Amino acid sequence: MTRRDTRETGPSGRRFGATELPPEMERVVQQAKRLEWATLGVIVVTIVLVAIVMGSSQAMRAAWIEDLLSLIPPIAFLVALRVARMAPTRARPYGSHRSVGVGHLVAAVALSVMGVVLVGDSLLGLVTAEHPPIGTFDLFGHTVWQGWFMMAVMALSVPGPMILGHKKLTLAEQLHDRVLYADADMNKADWQTGVATIVGVAGIGLGWWWADSAAAIFVGVSIVLDGWKNLKEAVTNLADRRAATIDGARPHPLIDRVERVAWAEPWVRHAGARVRDEGHVFHVEMFVVPHEGADVTVGRCCALRDAIAALDWKLQDVVVAPVDELPAEVHGGRSGEHQTGEE
């Protein structure tokens, strides 16, 4: 038995793929969209300012490239959000929620590849003992070291990503949106990059020629680590791993909750759920072993299906399947006996 969503939209909210969002979740979506547009504006301004003052500094160049990469996650989020709202069709019966996973994969690959390039280029500069020159220019009759402007620009670039990233983390968990989560992670790398670049440029001013390359390597390594973590999560989720929390650290709590609902039914002897992460929403296959002699009716299965679907808006598609024994890959158990770790 499956939960079917109507084609019409009700007054409680607009469609989210095949799901009507509760009003509070619709407000979260709109807030996330505003944050992403604000992020794009901040990044574009930062890119222009860094390009004007970066000179031949490797750390500044690495920061500039990272700023360019930072455009990918918010764009991927806005595109994926639009695609995910498309209604299911006969050709795409599960809807288009997996667009979130695709966007996550695109952002992760870009981060990983460019991080490796930056680390390689910076290591080459360190090995060849490249001394990056930072020039001076005349300002109202005074000779000013360009490094001061570099550090000022980077200092201005720190607060925006720090504030935006913190706000996105909360929204990403509420929406279960991994692209938004990856973007918040990228924002964290952005402000850390700003701090590292300031240190690198200051090091050049103190005569430490290697500080610039060292700061650029730090930036590159942070990008590689972010990229690898997000790439691993994107691939495993697209490969139908059991639904997990937004950070991938543990199975999603909803798995335990849906199994508790099934175990509460008096006609159910054993129950176990197979839950797949479709992007923003979950596909649930609830396998139930009835008590011997129990009258397993369509009405009972529908009631259990509706009870599970009512737990959370993310439970977009629920299937209840009566079986004589649980599938080997499903580990059901009574409340308090559920397995909570990854096997």
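Predicted, not measured: the structure shown is a model, and the values here were computed from it. Chains are numbered independently. Their residues run from 1 in the order of the written sequence. A pLDDT threshold of at least 70 governs which residues receive local features in this predicted model, and a stricter bar of 80 or more applies before side-chain atom pairs are shown or counted, although totals over entire chains, interfaces and linings include all residues. Only hydrogens and water are set aside when side-chain values are computed; all heavy atoms of the structure are taken into account.

Caption draft 1: Quick look at the overall build of the protein. Elements are defined by DSSP. Helices are runs of H or I of four residues or more, strands are runs of E of two residues or more, and each kind is numbered from the N terminus. Within the protein, the regular secondary structure consists of 10 helices and seven strands. Any two residues having at least one pair of non-hydrogen atoms within 4.5 Å are treated as being in contact. Long-range contacts, defined as pairs at least 24 residues apart, comprise 72% of the intrachain contacts of the protein with a sequence gap of at least 6. Under the convention used here, a 1.4 Å probe and the Shrake-Rupley method define accessible areas, while residue burial counts only the protein chains that appear. Of the roughly 16300 Å² that the protein leaves accessible, carbon and sulfur atoms contribute 63%.

Caption draft 2: Region of interest: the environment of F287. Looking at the element boundaries, F287 is found in strand β6 (residues 282-290). Owing to a relative accessible area of 10%, F287 belongs among the buried residues under this scheme. The spacing of F287 and V323 is 36 residues in sequence and 6.5 Å in space, taken between C-alpha atoms. Residues within four places of F287 in sequence aside, it is in contact with H270, A271, G272, R274, A321, V323, L326, P327 and V330. Relative accessible area decides the class of each residue, using a 1.4 Å probe on protein chains only: under 20% of the type maximum gives buried, over 50% gives exposed, and in between gives partly exposed.

Caption draft 3: Inspection of the UniProt feature "transmembrane region" (unreviewed entry) in the protein at higher detail. UniProt positions are given in the numbering used here, feature names are shortened, and annotations may be inferred rather than shown by experiment. Here, the residues flagged by UniProt with the feature "transmembrane region" (unreviewed entry) are residues 35-56, 62-84, 105-127 and 147-165. Along residues 147-165, the helical share is 89% and the strand share 0%, with 27 Å between the first and last C-alpha atoms.

Caption draft 4: Spatial organisation of the environment of K188. Its place among the elements puts K188 in helix α7 (residues 178-205). Each C-alpha atom, one on K188 and one on L164, is 9.2 Å from the other, the two residues being 24 residues apart in sequence.

Caption draft 5: Quick peek at the sheet that holds β6. Here we have three strands laid out as an open sheet, ordered β5-β6-β7, and mixed in their pairing. In the strand order of this sheet, the two ends are held by β5 (268-277) and β7 (315-322), each with one partner. Going from strand to strand, the sheet's axes swing by 20° on average, the running direction of each strand aside. The rule for pairing is simple: two strands pair if DSSP sees at least two bridges between them. One ladder, built from seven bridges, connects β6 with β7; its direction is parallel. Each residue of the ladder has a partner; that of M286, found in β7, is V320. Lines are fitted to the C-alpha atoms to define the axes, a helix being fitted only along its stretch in contact, and any angle between axes, read from their N-to-C directions, falls within 0 to 180 degrees.

Caption draft 6: Looking closely at the state of the cysteines. In what follows, a disulfide is any cysteine sulfur pair within 2.5 Å. Taken as a whole and judged by the stated rule, the model has zero disulfides. The structure places no disulfide on C301, whose sulfur is separated from the nearest cysteine sulfur, that of C302, by 7.0 Å. Look at C301 and you get buried, because its relative accessible area is 3%.

Caption draft 7: Layout of helix α1 (residues 23-53). With 31 residues, α1 should cover 45 Å at 1.5 Å per step; its first-to-last C-alpha distance of 46 Å lies within 8% of that length. G55 lies just past α1 and shows a positive phi near 60°. In this scheme, a helix's expected span is set at 1.5 Å multiplied by one less than its residue total.

Caption draft 8: Looking closely at the side chain of H176. With respect to the helices, strands and loops of the structure, H176 is situated in the loop between α6 (159-175) and α7. H176 sits in the buried class, given a relative accessible area of 2%. For the purposes of these results, a polar contact is taken to be a pair of N or O atoms within 3.5 Å, where, inside protein, one atom must be able to donate a hydrogen and its partner to accept one; residues adjacent in sequence count only when each atom of the pair is a side-chain atom. At a separation of 2.7 Å, a polar atom in the side chain of H176 contacts the side chain of D277. In contact with H176, not counting residues within four places along its chain, are A244, T245, I246, H252, D277, G279, H280, F282 and K314.

Caption draft 9: Here's a closer look at the environment of S122. Here S122 is to be found in helix α4 (residues 99-127). Sequence spacing of S122 and I217 is 95 residues, and the spatial spacing of their C-alpha atoms is 5.7 Å. Discounting residues that sit within four places of it in the chain, S122 has contacts with Q58, S213, A216 and I217.

Caption draft 10: Seen up close, a nonpolar patch on the surface. Any residue with relative accessible area above 30% and no salt bridge may belong to a patch, with like charges joined within 9 Å and the nonpolar Val, Leu, Ile, Met, Phe, Trp and Tyr side chains within 5 Å. We define a salt bridge as a side-chain nitrogen of Lys or Arg found within 4 Å of a carboxyl oxygen belonging to Asp or Glu. A cluster of nonpolar side chains, namely V44, V45, V48, L49 and I52, defines an oily patch on the protein surface of about 430 Å² accessible area. Along the polypeptide, L49 turns up in helix α1.

Caption draft 11: Seen up close, the confidence of the model for the protein. pLDDT is defined as a per-residue confidence score from the predictor, taking values between 0 and 100. The share of residues in the protein with pLDDT of 70 or more is 87%, and the mean pLDDT across the chain is 81. Predicted confidence in the protein is weakest over strand β1 (residues 15-16), with a mean pLDDT of 52, and strongest over helix α9 (residues 253-263), with 94. Predicted confidence is poor over residues 1-15, with pLDDT under 50, and the contacts of this stretch with residues over four places away or in other chains come to 45 contacts. Note that residues 335-343 has pLDDT below 50 and, in this model, 16 contacts with residues that lie over four places away or in other chains.

Caption draft 12: Fine view of the packing of α4 against helix α8 (residues 210-238). Between α4 and α8, whose axes approach to 7 Å, the crossing angle comes to 155°. What the angle tells us is that α4 and α8 run roughly antiparallel. Relative to α8, α4 is oriented so that their crossing is left-handed. Gly counts as polar in this scheme, as do all residues outside two lists: the nonpolar Ala, Val, Leu, Ile, Met, Phe, Trp, Tyr, Cys and Pro, and the charged Asp, Glu, Lys and Arg. The residue inventory of the contact of α4 with α8, partitioned by class, reads 21 nonpolar, 10 polar and one charged. Roughly parallel covers angles under 35 degrees, roughly antiparallel covers those over 145, roughly perpendicular covers 65 to 115, and oblique covers all other angles. Each crossing gets its handedness from the near helix: less than a right angle anticlockwise from the far helix is left-handed, clockwise is right-handed.

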